[in-house]
Amino acid sequence: MVFLVGKQMSAEEILDNNYEKKGESFLYYLQEKHIFHKDGLRLLCEAIYTLAEENVYISRRAAKITTVYGNVLKCFLYHFDPDDLYQINNLPDNYNRMISQLEKCVNFYFSTRISG
């Protein structure tokens, strides 16, 4: 369980909220509000690490994780495309390091699920 502004959420709920772009999720803020929500990214990373440590069926979660990760990357592509109107309003200076952390979480998830 992780905490988000006083309420307890499971790792699965955090992943689902990002997948569905709901509530206070990182992807909701990034895509719908054009805001880089640092705490939301931290919670998403923590959720992915937590899910990687559980022994569960891979395909449903894997599809959600790759969709969320892909959508985050698309936002950055659009942000830096001079021909696109999409802009992230409060992109932090260290966004590269923060997105690298998300990549590490995603890679960790898959490295714990796929053997060989």
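Let me sum up the structure you'll find in this document.

Conventions used here
- Residues numbered from 1 in each chain as written.
- Predicted model: local features only at pLDDT ≥ 70, side-chain atom pairs only at ≥ 80, totals over all residues.
- Heavy atoms only, no water.
- Helix = DSSP H or I, 4+ residues; strand = E, 2+ residues; numbered from the N terminus.
- Expected span 1.5 Å × (residues − 1).
- Buried < 20%, exposed > 50% of the residue type's maximum accessible area, 1.4 Å probe, protein only.
- Axes fitted to C-alpha atoms, helices over the stretch in contact; angles between N-to-C directions.
- Parallel < 35°, antiparallel > 145°, perpendicular 65-115°, else oblique.
- Left-handed = near helix turned anticlockwise from the far one by under 90°.
- Contact = heavy atoms within 4.5 Å.
- Nonpolar A, V, L, I, M, F, W, Y, C, P; charged D, E, K, R; others polar.
- Salt bridge = Lys/Arg side-chain N within 4 Å of Asp/Glu carboxyl O.

**Focus on helix H3 (residues 38-52)**
Next up, step 1: Along its 15 residues, H3 runs 21 Å from first to last C-alpha, staying within 8% of the 21 Å computed at 1.5 Å per residue.
Next up, step 2: Regarding H3, the residues found buried are Gly 40, Leu 41, Leu 43, Leu 44, Cys 45, Ala 47, Ile 48, Leu 51 and Ala 52.

**Remarks on the packing of helix H1 (residues 11-19) against H3**
Next up, step 1: Between H1 and H3, the least distance of the axes is 8 Å, while the angle of their chain directions is 125°. Comparing the axis directions of H1 and H3 gives the class oblique. Note that H1 runs across H3; the crossing there is left-handed. Residues Ala 11, Glu 12, Ile 14, Leu 15 and Asn 18 of H1 pack against Leu 43, Leu 44, Ala 47, Thr 50 and Leu 51 of H3.
Next up, step 2: Each residue belonging to the contact of H1 with H3 can be placed in one class, and the counts come to 7 nonpolar, 2 polar and 1 charged.

**Digging into the pattern of salt bridges**
Next up, step 1: Counted by the stated rule, this structure contains 6 salt bridges.
Next up, step 2: Salt-bridge contacts for Lys 64 lead to Asp 16; the nearest nitrogen and oxygen are separated by 2.3 Å. You can see Lys 64 sitting in helix H4 (residues 58-80) and its partner Asp 16 sitting in helix H1, a full 48 residues away along the chain.
Next up, step 3: Taking the relative accessible area as the measure of exposure, Lys 64 reaches 12% and is therefore buried.
Next up, step 4: Across the pair Arg 42 and Asp 39 runs a salt bridge, and its minimum N-O distance is 4.0 Å. Pair noted here: Arg 42 and Asp 39 are both in helix H3, with a separation of 3 residues, about one helical turn.
Next up, step 5: What makes Asp 39 partly exposed here is its relative accessible area of 45%.
Next up, step 6: The network of salt bridges with common partners includes Glu 12, Arg 60 and Arg 61.

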